[in-house]
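# Geometric and topological summary
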Amino acid sequence: MALLTVENLTVTFPSRHGSTNAIENVTIHVEPGEILGMVGESGAGKSMTGAAIIGLLEPPGHISSGEIRLEGERIDNLPPAAMRRIRGRRIGAIFQDPLTSLNPVLTVGDQLIETIRAHLPLTKEAARERAIDWLRRVGIPAPEKRIDTYPHQYSGGMRQRVVIALALCAEPRLIIADEPTTALDVSVQAQIIALLRRLARETGAAVVLVTHDMGVIAETADRVAVMYAGRIVEVGPVAEVLTHPRHPYTAGLMASIPRIGPRPEILPQIEGAMPRPASRPAGCAFAPRCPYRIDRCIAERPALRGTGAAQVSCHLAEEIPV
Amino acid sequence: MTDALVQVTGLKKTFDLSRPLINRILDRSGRQVVHAVDGVDFAIPRGQTLSLVGESGCGKSTVAKLLMGLTAPSGGSIRFDGVELAGRPAGSPPETRRRMQMIFQDPYASLNPRWRVARIIGEPMKSYGTHPDPADRRREVDRLLEFVGLSAADGEKFPHEFSGGQRQRISIARAISTKPEFLVCDEPTSALDVSVQAQILNLMRELQRELGLTYLFISHDLAVVNYISDMIGVMYLGRLVELAPAEEIFARPQHPYTRLLLDTIPDIGMKNRDIDRPAGEVPNPITPPLGCHFHPRCPHADARCRSEAPQFLPQGAAQVRCHAVAEGRLSPEPLRKAG
């Protein structure tokens with residue numbers, strides 16, 4: 001059984017000018033020990049999907065249809081108090097900026113111990129032992145000493161390690177990591193990616209990794225869901241989707257990433273920009289930018305359907321050259 | 001090197017972080033100075049692109065600001081087309097300033113939200129007097145808007161009506177409005193999505209071809225830099241550690257830090273999953289390590305690296321600041337995941 005299943009999730013923001021769907025009909029599932037990457041450009045809805053799963057949607061945004069199940073149990077309609085018990089205990093969260101995710105006036109140890117004791121029936125001493133153990137597991141040198149220092153005494157990469165320890169210390173079954181390496185330098189980013197992969201494997205937790213960086217997805221995720229304008233346009237095993245993209249958007253995105261190696265005279269580019277939520281076209285949202293567009297794309301929104309190992313929402317998925 | 005448009009020698013910038021005098025006397029502590037840029041030398045030939053890469057805090061953006069005269073250097077020389085720009089309390093001469101312009105990282109913060117686009121782009125032409133007649137200036141604004149891929153009608157709009165990529169096009173139109181020869185671009189695409197980044201990079205290459213522009217390009221992303229540069233300089237804690245032609249850096253990286261940077265780029269080819277990752281982070285620039293700044297993270301460091309700062313020496317087509325390379329302990333190796 002999948003650890004997390006999201007079925008036809010739609011998040012709506014009502015406003016004076018009518019309501020807008022930030023994400024529409026998003027369906028994903030994650031198995032235990034699996035890392036699912038969610039990738040897309042800003043505004044595609046990838047962070048919104050993560051926020052909906054952990055129950056942290058900003059009002060007036062709300063889930064207007066669909067359901068979210070964690071280990072078979074529905075969690076999208078729980079009262080706030082019940083959801084708060086699930087967050088931290090069964091779902092851990094890692095956010096982009098390690099400095100704002102930590103409380104600057106509490107020591108790292110206080111924060112870890114508080115989190116551990118909020119979720120697990122442990123004495124203060126046992127919780128402290130566990131906190132030191134977690135700091136060691138995420139690669140903090142001399143954790144017995146570092147546990148009593150404050151977040152500002154850590155570097156950016158070390159802070160993100162502490163945030164990861166905080167997210168994992170109650171041993172959640174699911175981790176939502178929203179751009180966990182974006183604020184870090186490349187050499188540190190590589191270390192954090194490796195750490196996340198190792199911990200996911202060791203603890204058997206499932207990870208939903210939200211990022212805009214295809215390189216991070218390639219090195220971390222097992223499967224990837226590509227989002228565009230609030231919908232999943234392609235989902236499948238990483239190797240399949242990245243090397244044989246079937247959706248014209250995925251293909252264009254992969255081609256436009258600058259690489260090391262022989263450089264092209266012109267970098268392939270996708271013309272135009274992603275439509276804003278309020279002005280999405282009626283048919284396929286990518287149609288205005290798509291080089292393969294036919295009349296049907298403008299009239300009819302394609303559904304996500306299987307083509308080989310991946311699922312693609314494109315009328316022409318079988319006909320477009322890979 | 002004789003036809004260098006920009007020549008930088010021994011450029012230094014220090015920032016004084018000392019506590020007030022009274023506290024220093026009470027605590028018996030000394031002055032505290034951070035060497036943000038610590039003796040940087042490079043030259044950019046006319047019509048070419050030099051990129052500076054490095055991690056946060058390496059001083060690459062400070063170099064950009066020094067060249068533009070946005071902050072005064074603490075030492076060294078900046079020559080633009082033969083004119084010395086360093087050590088001028090009143091700033092560079094206006095005619096020189098007209099010839100050098102800058103594009104900033106954040107297209108949301110670098111455009112005045114209360115001005116219409118036509119005024120934003122027209123302002124430099126007005127202040128440098130290149131198009132004093134308003135009607136003439138407006139015609140030039142319309143031409144520039146179309147040149148960067150927008151339409152003349154967009155001049156009547158406000159910045160908030162545009163996407164990030166379109167705003168960066170407006171920034172570019174503003175930067176080229178005074179017909180400059182030299183553009184300093186500080187991370188111009190790092191706030192943009194990848195598909196839009198490709199559009200802006202292509203536009204910048206096209207502008208360079210058509211207008212013969214010279215670029216100083218600042219970035220943390222080696223793959224982006226690979227696409228745009230003729231020369232690449234790698235910075236670490238205020239010093240250039242390697243300066244070489246672009247293809248040379250990627251084919252035969254010499255400095256251990258350059259190799260580390262190239263190895264840690266997440267690879268969309270998925271070739272280096274689960275390999276051992278180099279440990280360590282950039283040290284605090286206030287108290288950089290003695291000797292070679294990189295030695296605590298370097299697998300090839302020896303006693304000399306820990307005590308003596310290496311010189312910036314020619315090695316083949318490159319210049320490298322490394323004892324191990326100079327002593328021949330470390331031979332250039334082809335990149336593991338090249339191609």
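Residues numbered from 1 in each chain as written. Chains lettered and ligands numbered in written order. Predicted model: local features only at pLDDT ≥ 70, side-chain atom pairs only at ≥ 80, totals over all residues. Heavy atoms only, no water.

### Overview of the overall build of chain B
- Tallying secondary structure elements over chain B gives 12 helices and 12 strands in all.
- In terms of C-alpha radius of gyration, chain B reaches 22 Å, essentially the compact-globule figure of 20 Å for 339 residues.
- The dimensions of chain B, computed from C-alpha atoms along their principal axes, are 70 × 55 × 40 Å.
- Evaluated residue by residue, chain B yields a buried proportion of 54% over its 339 residues.
- Sequence separation of 24 or more characterises 68% of the internal contacts of chain B that already satisfy a separation of 6 or more. (Helix = DSSP H or I, 4+ residues; strand = E, 2+ residues; numbered from the N terminus. Rg over C-alpha atoms; globule rule 2.2 N^0.38 Å. Buried < 20%, exposed > 50% of the residue type's maximum accessible area, 1.4 Å probe, protein only. Contact = heavy atoms within 4.5 Å.)

### A few points about the interface of chain B and chain A
- Every contact between the two is made by 47 residues of chain B and, on the other side, 50 residues of chain A.
- In total, about 3800 Å² of surface goes out of reach between chain B and chain A, with carbon and sulfur atoms giving 51% of it.
- Remark: the boundary between chain B and chain A carries two salt bridges.
- Put simply, Arg209 of chain B and Glu265 of chain A hold a salt bridge, and the shortest N to O gap is 3.2 Å.
- Applying the counting criterion to the chain B and chain A interface returns 16 residue pairs in polar contact (both at pLDDT 80 or more).
- In terms of residue class, the side of chain B that touches chain A is built from 22 nonpolar, 13 polar and 12 charged. (Buried area = accessible area lost by both parts, 1.4 Å probe. Salt bridge = Lys/Arg side-chain N within 4 Å of Asp/Glu carboxyl O. Polar contact = N/O pair within 3.5 Å; in protein donor to acceptor, adjacent residues only side chain to side chain. Nonpolar A, V, L, I, M, F, W, Y, C, P; charged D, E, K, R; others polar.)

### What about the sheet that holds strand β6 (residues 91–94) of chain A?
All names here are of chain A.
- Strands sit in the order β6-β7-β8-β3-β9-β10-β12-β11 across an open sheet of eight strands; the sheet is mixed. Each having just a single partner strand, β6 and β11 (305–307) make up the two edges of the open sheet. Along the sheet, successive strands turn relative to each other by an average axial angle of 20°, direction set aside.
- Judged from the six bridges that link them, strand β9 (residues 223–228) and strand β10 (residues 231–237) form a sheet pairing that is antiparallel. Following the sheet pairing, Val224 is matched in β10 by Gly236.
- Strands β3 (35–39), β6, β7 (174–178), β8 (206–211) and β9 of the sheet are contacted by helix α1 (residues 46–53), whose axis makes an angle of about 145° with β7.
- Running at roughly 170° to β6, helix α6 (residues 156–168) makes contact with β6 and β7 of the sheet. (Pairing = 2+ DSSP bridges. Axes fitted to C-alpha atoms, helices over the stretch in contact; angles between N-to-C directions.)

### Remarks on the pattern of salt bridges
- Per the counting criterion, the structure on display carries 40 salt bridges over all chains.
- Arg205 of chain B is paired through a salt bridge with Glu265 of chain A; the nearest N and O atoms lie 3.3 Å apart. One end of the pair, Arg205 of chain B, is in helix α7 (residues 194–211); the other, Glu265 of chain A, is in the loop between α10 (248–256) and α11 (295–299), on a second chain.
- Judged by relative accessible area, which is 54%, Glu265 of chain A ranks as exposed.
- Asp302 of chain B serves as the salt-bridge partner of Arg329 of chain B, at 3.1 Å between the closest nitrogen and oxygen. Of this pair, Arg329 of chain B sits in the segment after α12 (323–326) while Asp302 of chain B is found in the loop between α10 (256–264) and α11 (303–307), placing the two residues 27 residues apart along the sequence.
- Arg329 of chain B gets classed as partly exposed once you look at its relative accessible area, which sits at 37%.
- Residue Asp302 of chain B is classed as partly exposed on the basis of its relative accessible area, which comes to 24%.
- Look at the salt bridges and you will find they share partners, linking Asp302, Arg304, Glu308, Glu327 and Arg329 of chain B into a network.

### Looking at helix α6 (residues 164–176) of chain B
Residue and element names in this part refer to chain B.
- Here α6 spans 19 Å end to end across 13 residues, near enough to the 18 Å set by a 1.5 Å rise per residue.
- The complete set of buried residues in α6 reads Gly164, Gly165, Arg167, Gln168, Arg169, Ile170, Ser171, Ile172, Ala173, Arg174, Ala175 and Ile176.
- In this structure, the buried side of α6 is in contact with β6 (100–103), α4 (117–127), α5 (134–147), β7 (182–186) and α7. (Expected span 1.5 Å × (residues − 1).)

### Quick notes on the UniProt feature "domain: ABC transporter" (unreviewed entry) in chain A
- The UniProt entry lists residues 4–254 of chain A under the feature "domain: ABC transporter" (unreviewed entry), expressed in the numbering used here.
- The distance from the first to the last C-alpha atom of residues 4–254 of chain A is 28 Å, and the span holds 39% helix and 26% strand. (UniProt positions renumbered as here; feature names shortened; annotations may be inferred.)

### As for the sheet that holds strand β4 (residues 75–80) of chain B
All names here are of chain B.
- In space, the four strands of this open sheet follow the order β2-β1-β4-β5, with antiparallel pairing throughout. Each of the sheet's edge strands pairs with one partner strand only, and the pair in question is β2 (33–45) and β5 (83–84).
- With 10 bridges connecting them, strand β1 (residues 4–16) and β2 associate as antiparallel partners. Its bridge partner being in β2, Ala4 is matched across the sheet by Pro45.
- Here helix α2 (residues 60–68) sits on the sheet in contact with β1, β2 and β4, set at roughly 115° to β1.

### As for the packing of helix α7 (residues 186–203) of chain A against α10 of chain B
- Viewed as axis vectors pointing N to C, α7 of chain A and α10 of chain B meet at an angle of 45°, and their least axial separation amounts to 8 Å. Taken together, the axes of α7 of chain A and α10 of chain B are oblique relative to one another. Note on packing geometry: the crossing formed by α7 of chain A with α10 of chain B is left-handed. Seen from α7 of chain A, the contacting residues are Val186, Ser187 and Ala190 of chain A; seen from α10 of chain B, they are Leu260, Leu261 and Thr264 of chain B.
- Along the lines of polarity and charge, the residues of the contact of α7 of chain A with α10 of chain B split into four nonpolar, two polar and no charged. (Parallel < 35°, antiparallel > 145°, perpendicular 65-115°, else oblique. Left-handed = near helix turned anticlockwise from the far one by under 90°.)

### Considering the nonpolar core
Residue and element names in this part refer to chain A.
- One finds Ile91, Ile164 and Leu174 to be the most contacted residues of the largest nonpolar core, which totals 100 residues.
- Examining the composition of this core, we find that eight residues originate from one element, α6, more than from any other.
- Of the domains in this structure, domain 1 (1–32 + 65–221) and domain 2 (226–259 + 267–322) are the two that each give at least three residues to this core.
- If we skip the residues at most four places from it in the chain, Leu174 touches Leu3, Leu4, Ile53, Leu70, Arg90, Ile91, Gly92, Ala206 and Val208. (Core = buried A, V, L, I, M, F, W, Y, C linked by side-chain atoms within 4.5 Å. Domains from an automatic or database assignment.)

### Some remarks on the side chain of Glu24 of chain A
- Secondary-structure assignment places Glu24 of chain A in strand β2 (residues 20–30).
- There is a polar contact of 3.2 Å between the side chain of Glu24 of chain A and the side chain of Arg301 of chain A.

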